[in-house]
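# Examining the three-dimensional arrangement
Residues per chain are reported as follows:
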Amino acid sequence: MSTIPTVLDGQVRILELESFRDDRGTLTHITLDEVGLTVARSFVVRAPRGAVRGGHAHRRVRQVLFRASGTIRVDLSRHGEHASVVLDEQRPAVLIEAGVWAQQTYLDDGSTLIVFADGPFDPAEYTTDDDATTEDAS
């Protein structure tokens, strides 16, 4: 796995993952410790075309969003700066640091996203403010 360009001053890194393709399909390799993420929880979201999910930031938790199928647009915001990343077969994963607001729009029916987070679920951890503060904000 290698890292390609970042957005929002390096707070979001688009991950380039190695894939192996043959007549049986595609195998995509992801090693989360290469980006310094120790997984505390993970979950899978499958949604129809047009569904919008997320719409929040995490105060301390970092996440890797991994697109398992379909196409998913991730809109991002931090301190008034905005960016979008499209997760598809060519660019299937993005690392989002704490304090970055993210919203996912599912562009294909049955698009599937796997989320790996380095902290447990805690409602107090979420904020809808794109200027969210983090414990170790720079």
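For the structure itself, consult the block above.
Residues numbered from 1 in each chain as written. Predicted model: local features only at pLDDT ≥ 70, side-chain atom pairs only at ≥ 80, totals over all residues. Heavy atoms only, no water.

On a plain count of helices and strands, the protein comes out with 0 helices and 13 strands. Order of helices (α) and strands (β) in the protein, N terminus to C terminus: β-β-β-β-β-β-β-β-β-β-β-β-β. Relative to a compact globule of 138 residues, whose C-alpha radius of gyration would be 14 Å, the protein shows 14 Å and is just as compact. By its C-alpha atoms, the protein is 45 × 30 × 25 Å across when sized along the principal axes. (Helix = DSSP H or I, 4+ residues; strand = E, 2+ residues; numbered from the N terminus. Rg over C-alpha atoms; globule rule 2.2 N^0.38 Å.)

With that out of the way, let us pick up the sheet that holds strand β9 (residues 81-87). Within the open sheet, the 5 strands sit side by side as β9-β8-β11-β6-β13. Their pairing is antiparallel. Every other strand in the sheet has two partners, leaving β9 and β13 (126-127) as the edge strands with one partner each. Where strand β8 (residues 72-78) and strand β11 (residues 101-106) come together, 6 bridges link them in antiparallel fashion. Counted as the bridge partner of S77 is W101 from β11. (Pairing = 2+ DSSP bridges.)

Next up on the list: unusual backbone geometry. Backbone geometry places L8, a non-glycine residue, at a positive phi of 55 degrees. Inspection of the secondary structure puts L8 in the loop between β1 (2-7) and β2 (12-16). Judged by its relative accessible area of 9%, L8 is buried. One non-glycine residue, D9, lies in the positive phi region at around 55 degrees. Inspection of the secondary structure puts D9 in the loop between β1 and β2. (Buried < 20%, exposed > 50% of the residue type's maximum accessible area, 1.4 Å probe, protein only.)

So, about the environment of L15. Tracing the backbone through its elements, the reader meets L15 in strand β2. For the pair L15 and Y126, spaced 111 residues apart in the sequence, the C-alpha separation amounts to 24 Å.

The geometry of an aromatic ring pair comes down to the distance between the two centres and the angle between the two planes. Scanning all chains against the criterion turns up 1 aromatic pair. Centroid distance F121 to Y126: 5.8 Å. Interplanar angle 55 degrees. Geometry classified as tilted. With relative accessibility at 54%, the residue F121 sits in the exposed group. Using a relative accessible area of 23% as the deciding quantity, one classes Y126 as partly exposed. (Phe/Tyr/Trp six-rings, centres within 6.5 Å; stacked < 30°, edge-to-face > 60°.)

Turning to the pairing of strand β7 (residues 63-69), a few remarks are in order. The element β7 is extensively covered by neighbouring structure, given that 5 of its 7 residues are classed as buried. Bridge count for β7 against strand β10 (residues 93-96) is 4 bridges, and the pairing is antiparallel. When the sheet's bridge partners are listed, Q63 is paired in β10 with I96. Two strands pair when backbone bridges link them, and β7 and strand β12 (residues 111-117) are joined in this way by 6 bridges, in the antiparallel orientation. The residue bridging F66 from the neighbouring strand is I114, located in β12.

This part covers the side chain of T105. With respect to the helices and strands, T105 occurs in strand β11. For T105, the contacting residues outside a window of four places in its chain are A51, V52, T71, I72, R73 and D75. (Contact = heavy atoms within 4.5 Å.)

Function-wise, these values are silent; they only describe arrangement.
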